[in-house]
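Here is how the chains run, residue by residue.
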Amino acid sequence: MMMLISYDISLNDPQGAARLRRIAKHCLDYGVRVQYSVFECDITPEQWVVLKQKLLQTYCPETDSLRFYHLGSRWRRKVEHHGAKEAVDVFGDTLIV
């Protein structure tokens, strides 16, 4: 299933930058960064449970914001991209880095 994750982490406290890095790392472990604070994650329901738990344990609910968009398995029809940063379909084909 495709999950779109976005976040806004407050940098007004000393731990904000560390939380921002940890949130990004958790998302990078499961998906691809498509904007600075937006990730596309093509994951199993079991992986989603683990990732969501990590994110919810990392953020500060009083100052930070997390958004989860469940795009499902037919996500390709729901996503349209225009402009800079050509979209790479890393989920449809083999990607060698």
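Note: the structure precedes this text.
Note that this is a predicted model, so its numbers are computed, not measured.

*Asks:* When you look at helix α1 (residues 16–30) in this model, what are you seeing that I'm missing?
*Replies:* At 3.6 residues per turn, the α-helix brings residues three or four places apart onto the same side. Between its terminal C-alpha atoms α1 stretches 22 Å, which fits the 21 Å expected from 15 residues at 1.5 Å a residue. Residues of α1 that are buried: Gly-16, Arg-19, Ile-23, Ala-24, His-26, Cys-27 and Tyr-30. Along the long axis of α1, the arc covered by the buried residues comes to 160°, so they all point the same way.

*Asks:* Quick question: what am I supposed to make of the packing of α1 against helix α2 (residues 45–58) here?
*Replies:* Packing of α1 against α2 leaves a shortest axis separation of 10 Å and a crossing angle of 175°. Taken together, α1 and α2 sit at an angle that is classed as roughly antiparallel. In this structure, α1 contributes Arg-19, Arg-22, Ile-23, His-26, Cys-27 and Tyr-30 to the contact, and α2 contributes Gln-47, Val-50, Leu-51, Lys-54, Leu-55 and Thr-58. For the contact of α1 with α2, the per-class residue count stands at 6 nonpolar, 3 polar and 3 charged.

*Asks:* I would appreciate a short explanation of the packing of aromatic side chains in the present structure.
*Replies:* The description of two aromatic rings rests on the distance between their centres and on the angle between their planes. Enumeration according to the criterion identifies 2 aromatic pairs in this entry. Ring geometry for Trp-48 and Phe-68: centres 5.0 Å apart, planes at 80°, overall edge-to-face. Remark: Phe-68 occurs in strand β4 (residues 65–72) and Trp-48 occurs in helix α2; sequence separation between them is 20 residues. A relative accessible area of 22% means that Phe-68 is categorised as partly exposed.

*Asks:* Can you help me understand the sheet that holds strand β3 (residues 38–42) in this one?
*Replies:* The pairing of strands in a sheet comes from backbone hydrogen bonds and takes either a parallel or an antiparallel form. The strand order across the open sheet built from 4 strands is β2-β3-β1-β4, with neighbouring strands paired in antiparallel fashion. The strands lining the two open edges of the sheet, one partner per strand, are β2 (32–35) and β4. The sheet shows a mean angle of 25° between the axes of neighbouring strands, direction not considered. Along the sheet face, α1 touches β1 (2–8), β2, β3 and β4 and points at about 30° away from the line of β3. Packing against the sheet, α2 makes contact with β1, β3 and β4, and its axis sits at approximately 165° to β4.

*Asks:* It is not clear to me how the pairing of β3 should be interpreted in this structure. Could you clarify?
*Replies:* The side chains of a regular strand alternate, first on one face of the sheet and then on the other. With 4 of 5 residues buried, β3 is to be regarded as a mostly interior element. Of the strand pairs in this sheet, β1 and β3 are connected by 5 bridges, and their pairing is antiparallel. Its bridge partner being in β3, Leu-4 is matched across the sheet by Glu-40. Across 3 bridges, the pairing between β2 and β3 is antiparallel. Opposite Val-32, over in β3, you have Glu-40 as the bridge partner. Where β2 folds back onto β3 in an antiparallel hairpin, the turn is made up of 2 residues.

Calculation notes
- Residues numbered from 1 in each chain as written.
- Predicted model: local features only at pLDDT ≥ 70, side-chain atom pairs only at ≥ 80, totals over all residues.
- Heavy atoms only, no water.
- Helix = DSSP H or I, 4+ residues; strand = E, 2+ residues; numbered from the N terminus.
- Expected span 1.5 Å × (residues − 1).
- Buried < 20%, exposed > 50% of the residue type's maximum accessible area, 1.4 Å probe, protein only.
- Arc of directions from axis to C-beta.
- Axes fitted to C-alpha atoms, helices over the stretch in contact; angles between N-to-C directions.
- Parallel < 35°, antiparallel > 145°, perpendicular 65-115°, else oblique.
- Contact = heavy atoms within 4.5 Å.
- Nonpolar A, V, L, I, M, F, W, Y, C, P; charged D, E, K, R; others polar.
- Phe/Tyr/Trp six-rings, centres within 6.5 Å; stacked < 30°, edge-to-face > 60°.
- Pairing = 2+ DSSP bridges.

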